[in-house]
Amino acid sequence: MNDLSQGAAVAPRSGNAPPYTVERIVAFDRRAPGLVAFATTRPAEFRFTPGHYARLGLGPDDDIVWRPYSIASAAHEDRLAFQFTRVPGGAFNNHFDALGVGDAIRVDRRSFGFLTLAQVAPGGTLWLLATGTGAAPFLSILADDATWRRHERIVVAHSVRHAAELVGGDVRAVMETRPVQDRARLVMLPVVTRERAAGALGERIGALLRNGALEAAGGAPIEAASARVMLCGNPDMIKDARAWLRERGLEPGRRGVPGQLATEGYW
């Protein structure tokens, strides 16, 4: 993730209040081995822009373990949704494994990040390319009215190892809240790399870009004049995809001027 000192939305606090609030787990869904979708209560003063991430803290007060997690919920919702990939033996994971509905979790009062619509110019087709839980911020972006005002079409490509990890159900739930005309403007491209899955592409995103299969499946060229691309997930995917995209003329924004490319890496 990006440096936590930058790109932050800061909520007001007074006196000697800690820089976090203590929230409760309100939903907990073990979707696949190692993958958990969960939601917490939302502090009344917590603000974020779709695409931002939050810092979550677990453990005793004198040894809190903090980790950044992209926010999957819409900006107007009264809860905060996240997706978590278990890392056996990890300091945060060891605390997380003991959690269930009703348990406490700390939420930093600030939100962070640069993977927002403001980083890419409006117009054309918006491509949202993700691996694993990197799809989480794109769920929030899909739920944002501004996304549909700014772009003519949206293509979401989500790459996972196993089909059970795909976010297709989450995307459908978001789109059920959107007008019918918006649903017709969305293309969902599942990518599954470790097993055969009906209707899914079978190669990694970098390979699908290089061989033209992603453009063919998305029904549009990926070029600077007509495409805007946001990348989130595995840093190897981001490095590979970004190199190809920049060869195509897509560039990140500079000095407050939006470009055609925005990225956020995990790990």
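Residues numbered from 1 in each chain as written. Predicted model: local features only at pLDDT ≥ 70, side-chain atom pairs only at ≥ 80, totals over all residues. Heavy atoms only, no water.

1. Some details on the overall build of the protein chain
Just so we agree on the cut-off: Working definition: helices are DSSP H or I runs of at least four residues, strands are E runs of at least two. Numbering for both runs from the N terminus. For a compact globule the rule gives 2.2 Å times the number of residues to the power 0.38, and the radius of gyration it is set against comes from C-alpha atoms. Accessible area is worked out with a 1.4 Å probe on protein chains only. A residue is then buried under 20% of its type maximum, exposed over 50%, and partly exposed in between. By the convention used here, residues are in contact when the closest approach between their heavy atoms is within 4.5 Å. Here, Shrake-Rupley sampling with a 1.4 Å probe gives the accessible areas, and only protein chains in the shown set may cover a residue.
Of the regular secondary structure elements, the protein chain holds eight helices and 12 strands. Taken over the C-alpha trace, the protein chain has a radius of gyration of 18 Å; the compact-globule value for 267 residues is 18 Å, and the two agree within 12%. The principal-axis extent of the C-alpha atoms belonging to the protein chain is close to 50 × 40 × 35 Å. Within the span of the protein chain, comprising 267 residues, buried residues form 49% of the whole. Long-range contacts, defined here as pairs at least 24 residues apart, represent 74% of the contacts in the protein chain between residues at least 6 apart. A total accessible area of about 12400 Å² is found for the protein chain, and carbon and sulfur atoms account for 49% of it.

2. Focus on the packing of aromatic side chains
The geometry of an aromatic ring pair is captured by two quantities: the separation of the ring centres and the angle between the planes. We apply this condition: Only Phe, Tyr and Trp rings are paired, with Trp represented by its six-membered ring, and only when their centres lie within 6.5 Å; those with planes under 30 degrees apart are stacked, over 60 edge-to-face, the remainder tilted.
Applying the stated criterion to the full structure yields 11 aromatic pairs. Ring plane angle 45° and centroid distance 6.2 Å describe the contact between F46 and F48, whose orientation is recorded as tilted. F48 shares its class with F46; the two are buried. An aromatic cluster of at least three residues, connected via ring pairs, comprises F28, F38, Y69, F82, F84, F92 and F96.

3. Considering the nonpolar core
Grouped burial of nonpolar side chains is what soluble globular proteins tend to show. Put simply, the rule reads: To form a nonpolar core, buried Ala, Val, Leu, Ile, Met, Phe, Trp, Tyr and Cys residues must be joined to one another through side-chain atoms within 4.5 Å.
If you look at the biggest cluster of nonpolar residues, it comprises 29 residues, and the most contacted ones within it are L128, F138, L142, I154, L186 and M230. Those elements that provide at least two residues to this core are strand 8 (125–131), helix 2 (136–142), helix 3 (145–150), strand 9 (153–160), helix 4 (168–175) and strand 11 (227–233). Sorting elements by how many residues they give to this core places helix 2 first, with five residues. Discounting chain neighbours no more than four positions away, the residues touching L128 are F138, L142, I154, V155, V156, A157 and M230. Formed by 23 residues, the second largest nonpolar core is a distinct cluster that contains L208, V229, L231 and M237.

4. Regarding the environment of W127
Structurally, W127 can be placed in strand 8. By relative accessible area, W127 is classed as buried at 0%. Taking the C-alpha atoms as reference, W127 lies 4.6 Å from V229; in sequence the two are 102 residues apart.

5. So, the side chain of T21
Its location among the elements puts T21 in strand 2 (residues 20–32). Excluding its chain neighbours within four sequence positions, the residues that come into contact with T21 are P43, E45, I105, R106, V107 and R109.

6. Some thoughts on the sheet that holds strand 10 (residues 186–192)
Basically, it comes down to this: What makes two strands pair is DSSP finding at least two bridges between them. Axis geometry follows a simple rule: fit a line to the C-alpha atoms, using only the stretch in contact for helices, then measure angles between N-to-C directions, giving values from 0 to 180 degrees.
With parallel pairing, five strands are arranged side by side in an open sheet as 10-9-8-11-12. Strand pairing shows two members of the sheet lacking a second neighbour, strand 10 and strand 12 (261–265), which therefore form its edges. Across the sheet, the mean angle separating the axes of adjacent strands is 10° when strand polarity is ignored. As judged from the seven bridges shared by strand 8 and strand 9, these two strands associate in the parallel manner. If you follow A130 over to strand 9, its bridge partner there is H158. Sitting on the sheet, helix 8 (residues 235–247) is in contact with strand 8, strand 11 and strand 12, with an inclination near 160° to strand 11.

7. A closer look at the environment of A54
In this fold, A54 is placed in strand 4 (residues 53–58). Taking relative accessible area as the criterion, A54 reaches 0% and is therefore assigned buried. Filtering out sequence-adjacent residues up to four positions away, A54 remains in contact with F46, R67, P68, Y69, I71 and F82.

8. With respect to the pairing of strand 9
Among the eight residues of strand 9, seven are classified as buried, and the element is accordingly described as predominantly covered. Of the strand pairs in this sheet, strand 9 and strand 10 are connected by seven bridges, and their pairing is parallel. Residue pairing across strands places V155 opposite V187, the latter belonging to strand 10.

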